[in-house]
Amino acid sequence: MKREYHKWFSPSLGRDMELLVFGHSGVPALVFPTSQGRFYEFEDRGMVNAVAGELEHGHLQLFCVDSIDSESWYNRAVPPRWRIARHMQYEQYLMHEVIPLIRQGNHTQNLGAIGTSFGGYHALNIALRHPDIFSGMLSMGGAFDPSNFISGYYDCYFSIPPHYLPNISDHWYLDRYRHNTYVFATGVHDQCWNDNERMAQIFRNKGIPCRLDVWGGDTGHDWPWWQRMLQAYL
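From a predicted model like this one, the values you see are computed outputs, not experimental measurements.

Peer 1: Can you help me understand the packing of aromatic side chains in this one?
Peer 2: What characterises a pair of aromatic rings is the spacing of the ring centres plus the angle enclosed by the ring planes. Taken as a whole, this structure holds 18 aromatic pairs when the rule is applied. Relative to Trp 226, the ring of Trp 223 lies with its centre 5.0 Å away and its plane at 80°, an arrangement referred to as edge-to-face. One end of the pair is Trp 223 and the other is Trp 226, both in helix α9 (residues 223–233) and three residues apart, which spans about a single turn. The pair Trp 223 / Trp 226 is uniform in exposure class, with both members buried. Taken together, the ring pairs connect Phe 144, Trp 172, Tyr 173, Tyr 177, Tyr 182, Phe 184 and Phe 203 into an aromatic cluster.

Shown next, in the form of structure tokens:
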């Protein structure tokens, strides 16, 4: 399996950023780690190995980025306003630095966003904010409402999907949403199950097709289940 390590100084964030690329061709996917997770988490937790066959055969390519959650949503040392500003700088990094890297080496038209737990928030949010760039989203055990991190501060409306999506009426967005693919996977013992039910219902209320799968058995909020989900959907 082809594995590439990249590191550069990000003008958007003002610091070095790292990422890993797995696979040589196929449908590319931007992969977010869990809350405050690192770019090597997907590899360390067995997720890359879970889809090794797809990667080796050129059906899939994963671009695993670093998080800056500890500088944004989780950074209680600064006011909420600055946490949101840092999060928006992170989005600029992804859109203006990482996406060009993906397109430079992979000309496949489709692009997915993948995340587990709080990474599911990042995957969903960027896919909804840029539906012309991201044609698909897979969340596993996703948590989609970070408003509890900001103590009632609300200059972040368009960064909280369950808040802004119900009110979107712009047909440019809605038409693209309805042609894209959104998958919410969770488990009966996952503490984020309600988040997924709520988000899927918002999609249905807007007439946006989505798939909500609640896995049975002992399925919970952990990597062994997410490995199985990744295999099932990719």
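Peer 1: So what exactly am I meant to see when it comes to the sheet that holds strand β5 (residues 112–116) here?
Peer 2: Sheet strands pair by backbone hydrogen bonding; their relative direction is either parallel or antiparallel. The eight strands lie next to each other as β1-β2-β4-β3-β5-β6-β7-β8, forming an open sheet whose pairing is mixed. Edge positions in the open sheet fall to β1 (3–10) and β8 (211–215), since each of these has one partner strand only. Across the sheet, the mean angle from the axis of one strand to that of its neighbour is 20°, orientation sign disregarded. Pairing geometry for strand β2 (residues 15–22) and strand β4 (residues 60–65), over four bridges, is antiparallel. Looking at β4, one finds that Val 21 is bridged to Phe 63. The sheet strands contacting helix α5 (residues 118–129) are β3 (27–32), β5, β6 (136–140) and β7 (181–187), and the helix crosses β5 at an angle near 155°. Sheet contacts for helix α8 (residues 193–205): β6, β7 and β8; angle to β7, the most-contacted strand, approximately 155°.

Peer 1: Which parts of the structure should I look at to understand the packing of helix α4 (residues 80–105) against α5?
Peer 2: Relative placement of two packed helices is described by the angle separating their axes and the distance separating the axes. With their axes 12 Å apart at the nearest point, α4 and α5 run at an angle of 70° to one another. Put simply, α4 runs roughly perpendicular to α5. For the element pair α4 and α5, the recorded crossing hand is right-handed. Only Tyr 121, His 122, Asn 125, Ile 126 and Arg 129 of α5 make contact with α4, whose side of the interface consists of His 87, Met 88, Tyr 90, Glu 91, Leu 94 and Met 95. Counted by class, the contact of α4 with α5 contains six nonpolar, three polar and two charged residues.

Peer 1: Teacher, can you tell me more about the environment of Glu 56 here?
Peer 2: Its location among the elements puts Glu 56 in helix α3 (residues 52–56). Considering only alpha carbons, one finds Glu 56 and Ala 77, 21 residues apart in sequence, at a separation of 43 Å. Discounting residues that sit within four places of it in the chain, Glu 56 has contacts with Met 1 and His 24.

Rules of the game
- Residues numbered from 1 in each chain as written.
- Predicted model: local features only at pLDDT ≥ 70, side-chain atom pairs only at ≥ 80, totals over all residues.
- Heavy atoms only, no water.
- Phe/Tyr/Trp six-rings, centres within 6.5 Å; stacked < 30°, edge-to-face > 60°.
- Helix = DSSP H or I, 4+ residues; strand = E, 2+ residues; numbered from the N terminus.
- Buried < 20%, exposed > 50% of the residue type's maximum accessible area, 1.4 Å probe, protein only.
- Pairing = 2+ DSSP bridges.
- Axes fitted to C-alpha atoms, helices over the stretch in contact; angles between N-to-C directions.
- Contact = heavy atoms within 4.5 Å.
- Parallel < 35°, antiparallel > 145°, perpendicular 65-115°, else oblique.
- Left-handed = near helix turned anticlockwise from the far one by under 90°.
- Nonpolar A, V, L, I, M, F, W, Y, C, P; charged D, E, K, R; others polar.

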